[in-house]
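Spelled out from the first residue to the last, the chains are:
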Amino acid sequence: MQSIDTYNFSGKKAIIRVDFNVPLNEQFEITDDTRIRAAIPTIKKVLDGNGSAILMSHLGRPKGVDAKFSLKHIVAHLTKSIGVEVKFADDCIGESAKTMAANLKPGEVLLLENLRYYKEEEKGDEEFAKKLAGLADLWINDAFGTAHRAHASTAVIAKFFPEAKMFGYVMESELSSVDKVLKDTKRPLTAIMGGAKVSSKIEIIKTLMSQVDHLIIGGGMTYTFVKAMGGTIGNSLVEDDKLETAREILQKAKENNVKLHLATDALIADAFSNDANTKVCDVNAIPEGWMGLDVADATIESFKKVIEESKTILWNGPVGVFEMDNFAKGTKAIADAIVTATEKGAFSLIGGGDSVAAINKYGLADKVSYVSTGGGALLEYIEGKELPGVTAIRG
Ligand SMILES: Nc1ncnc2c1ncn2[C@@H]1O[C@H](COP(=O)(O)OP(=O)(O)OP(=O)(O)O)[C@@H](O)[C@H]1O
Ligand SMILES: O=C(O)[C@H](O)COP(=O)(O)O
């Protein structure tokens, strides 16, 4: 396996798979550039070694060519972040990309247009991968956020670079940070799972039950558990077809001696709006027409205590609708408690688009041990699944 630290990039063109799938607002401005900032050291390493960098990524889930998903929206921001003018090819394969790549000089950077404008990317098409590979001398995979996808640019392309493929620094640090949580765990290990994607996350909770000491359930996830235990949840978010899974998890917690912490009180609202009427009530007794949108004070206190006594912390998913100021208190309190634990020596790992957005919003990203660029990829890696983007390099 080649290493980015020792490879001689001089005069070479590196095609780097990055994950620049960043959130954009209506004006196409980047609202969280964590993924771009993370990729800079890899790009600079190539440039400083007298090589040139061809960057390729997807953005969103376009169905064919769609200007809304063009990577041209990030060119200016990227130029500023790298400190080198980024050239842009309005196609990722074809004549323009080929010519621009061929003319690229050492120290220069070229960004290719959205890979997902071609359905061949997600299909893992070999011919498409070959065309991408033809632009460069070596392949660096630095797209941890997309490492769980077996796509042309994340995995299939590897076969065209048997002797010249390597991880970038994002991949290296993501894998070693997660490995640290999984293998070298200081206990107690606490996982905090919140957010809204109950069905995709409840399965990973099942796996986590054999790894964690404490499991804190927050956010929209709460109400599927409360209902499974016979509580009344009003109009709160719930996934009825996961009630049985929730019961299995409760049972597994008992068997594995995992301390499962569920909210006891909730801040409820009569509409999904920052202006809704609110009140605090017992989490098991939410009236019809009301929904739980944040944890309330008693829960915050008990969650805080568990977090602050933990030695390893994994956080995925906010515990309330933190985008609305009136329902952000719980998520802010969790972030603060994680910072306190980290200051006391705990290792804290934060992953998932909205959890990372929350930690950035509160200016606390530098005060936790590791902020992951992965959402789904991080969860799949923790679950113990093989990531195609990792296998493509490591074999
Ligand atoms: N009680 C709740 N009811 C409804 N939505 C909630 C509740 N609590 C949190 N949420 C919402 O959950 C969303 C985030 O959920 P999500 O599962 O996507 O987490 P994430 O951190 O982005 O992880 P990933 O990137 O892996 O998807 C936020 O938009 C937040 O408003
Ligand atoms: O945001 C992500 O999780 C990655 O960029 C992967 O995106 P995808 O879920 O559309 O494949």
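Owing to the predicted nature of the structure, the values given are computational and were not obtained by experimental measurement. (Residues numbered from 1 in each chain as written. Chains lettered and ligands numbered in written order. Predicted model: local features only at pLDDT ≥ 70, side-chain atom pairs only at ≥ 80, totals over all residues.)

**Some points on the overall build of the protein**
We count it as follows: Each helix is a run of DSSP H or I of at least 4 residues and each strand a run of E of at least 2, with the numbering of both proceeding from the N terminus. Here the globule rule is a power law, 2.2 Å times the number of residues to the power 0.38, and the radius of gyration is based on C-alpha atoms. In this scheme the burial state of a residue depends on its C-beta neighbours within 10 Å: 20 or more other such atoms mean buried, 12 or fewer mean exposed, and anything in between means partly exposed; the C-beta positions come from the backbone.
Per the secondary structure count, the protein includes 14 helices and 17 strands. Taken over the C-alpha trace, the protein has a radius of gyration of 22 Å; the compact-globule value for 395 residues is 21 Å, and the two agree within 12%. For the protein, the spread of C-alpha atoms along the principal axes amounts to about 65 × 45 × 35 Å. Buried residues in the protein amount to 49% of all 395 residues.

**Re the sheet that holds strand β14 (residues 291–295)**
To keep things clear, this is the line we draw: The rule for pairing is simple: two strands pair if DSSP sees at least two bridges between them. Axis geometry follows a simple rule: fit a line to the C-alpha atoms, using only the stretch in contact for helices, then measure angles between N-to-C directions, giving values from 0 to 180 degrees.
The three strands lie next to each other as β12-β11-β14, forming an open sheet whose pairing is antiparallel. Only two strands of the sheet have a single neighbouring strand rather than two, namely β12 (278–282) and β14. Ignoring strand direction, the axes of neighbouring strands in this sheet form an average angle of 45°. Of the strand pairs in this sheet, strand β11 (residues 265–269) and β14 are connected by four bridges, and their pairing is antiparallel. Counterpart to Ala266 in the pairing with β14 is Val295.

**Comments concerning the domain arrangement of the protein**
Applicable threshold: Per the annotation, domain bounds derive from an automatic or database assignment of domains. We call two residues in contact when the distance between their C-beta atoms, placed using the backbone, is within 7 Å.
Segmentation of the protein into domains returns domain 1 (13–172) and domain 2 (185–382). The distance between the C-alpha centroids of domain 1 and domain 2 comes to 34 Å. Tallying the contact residues gives 11 residues for domain 1 and 10 residues for domain 2.

**Description of the site of ligand 2**
Cut-off, in case you're wondering: Using a C-beta atom placed from the backbone for every residue, we mark a residue as near a molecule or strand if that atom lies within 6 Å of it. Amino acids outside the nonpolar list (Ala, Val, Leu, Ile, Met, Phe, Trp, Tyr, Cys, Pro) and the charged list (Asp, Glu, Lys, Arg) are all regarded as polar, and Gly is one of them.
Lining the immediate environment of ligand 2, one finds Asp19, Asn21, Arg61, Gly145, Thr146, Arg149, Gly375 and Gly376. In the shell around ligand 2, the residues fall into no nonpolar, five polar and three charged.

**Some points on unusual backbone geometry**
The omega torsion of the bond from Arg187 to Pro188 falls at 5°, within 30 degrees of zero and hence cis. Relative to the elements of secondary structure, Pro188 occurs in the loop between α6 (169–183) and β7 (189–193). For Asn50, which is not glycine, the phi dihedral falls at a positive 70°. Tracing the backbone through its elements, the reader meets Asn50 in the loop between α1 (34–48) and β2 (52–56). Exposure remark for Asn50: the 14 C-beta atoms within 10 Å place this residue in the partly exposed category.

**Some words on the nonpolar core**
Using the following cut-off: Linking buried Ala, Val, Leu, Ile, Met, Phe, Trp, Tyr and Cys residues through C-beta atoms within 7 Å yields a set, and such a set is a nonpolar core.
Counting 131 residues, the largest nonpolar core has Ala14, Ile54, Leu55, Leu132, Ile334 and Ile338 as its most contacted members. Ranked by residues supplied to this core, first place goes to helix α11 (residues 329–343) with seven residues. Both domains that furnish three or more residues to this core are identified here as domain 1 (13–172) and domain 2 (185–382). Setting aside its immediate chain neighbours within four residues, Ile334 contacts Ile192, Phe303, Ile307, Trp315 and Val319.

**What to know about the UniProt feature "binding site: ATP" (unreviewed entry) in the protein**
Note the following rule: UniProt positions are given in the numbering used here, feature names are shortened, and annotations may be inferred rather than shown by experiment.
The feature "binding site: ATP" (unreviewed entry), as annotated in UniProt, sits at Lys201, Gly292, Glu323, Gly352, Gly353, Asp354 and Ser355 in this numbering. Topologically, Glu323 is positioned in the loop between β15 (312–316) and α11. Its 21 C-beta neighbours within 10 Å are what place Gly353 among the buried residues.

**Section: the environment of Ile157**
Mapped onto the secondary structure, Ile157 falls in the loop between β5 (138–141) and β6 (165–167). For Ile157, a count of 26 C-beta atoms within 10 Å corresponds to the buried category. For the pair Ile157 and Ala133, spaced 24 residues apart in the sequence, the C-alpha separation amounts to 6.4 Å. Non-local contacts of Ile157, meaning those with residues more than four positions away in its chain, are made with Ala129, Leu132, Ala133, Trp139 and Ala152.

**Description of the UniProt feature "binding site: (2R)-3-phosphoglycerate" (unreviewed entry) in the protein**
The sites that UniProt annotates as "binding site: (2R)-3-phosphoglycerate" (unreviewed entry) are Arg35, Arg116 and Arg149. You can see Arg35 is positioned in helix α1. The contact partners of Arg35, leaving out residues within four places of it in the chain, are Asp19, Phe20, Asn21, Val22, Gly145 and Thr373. Mapped onto the elements, Arg149 comes out in the loop between β5 and β6.

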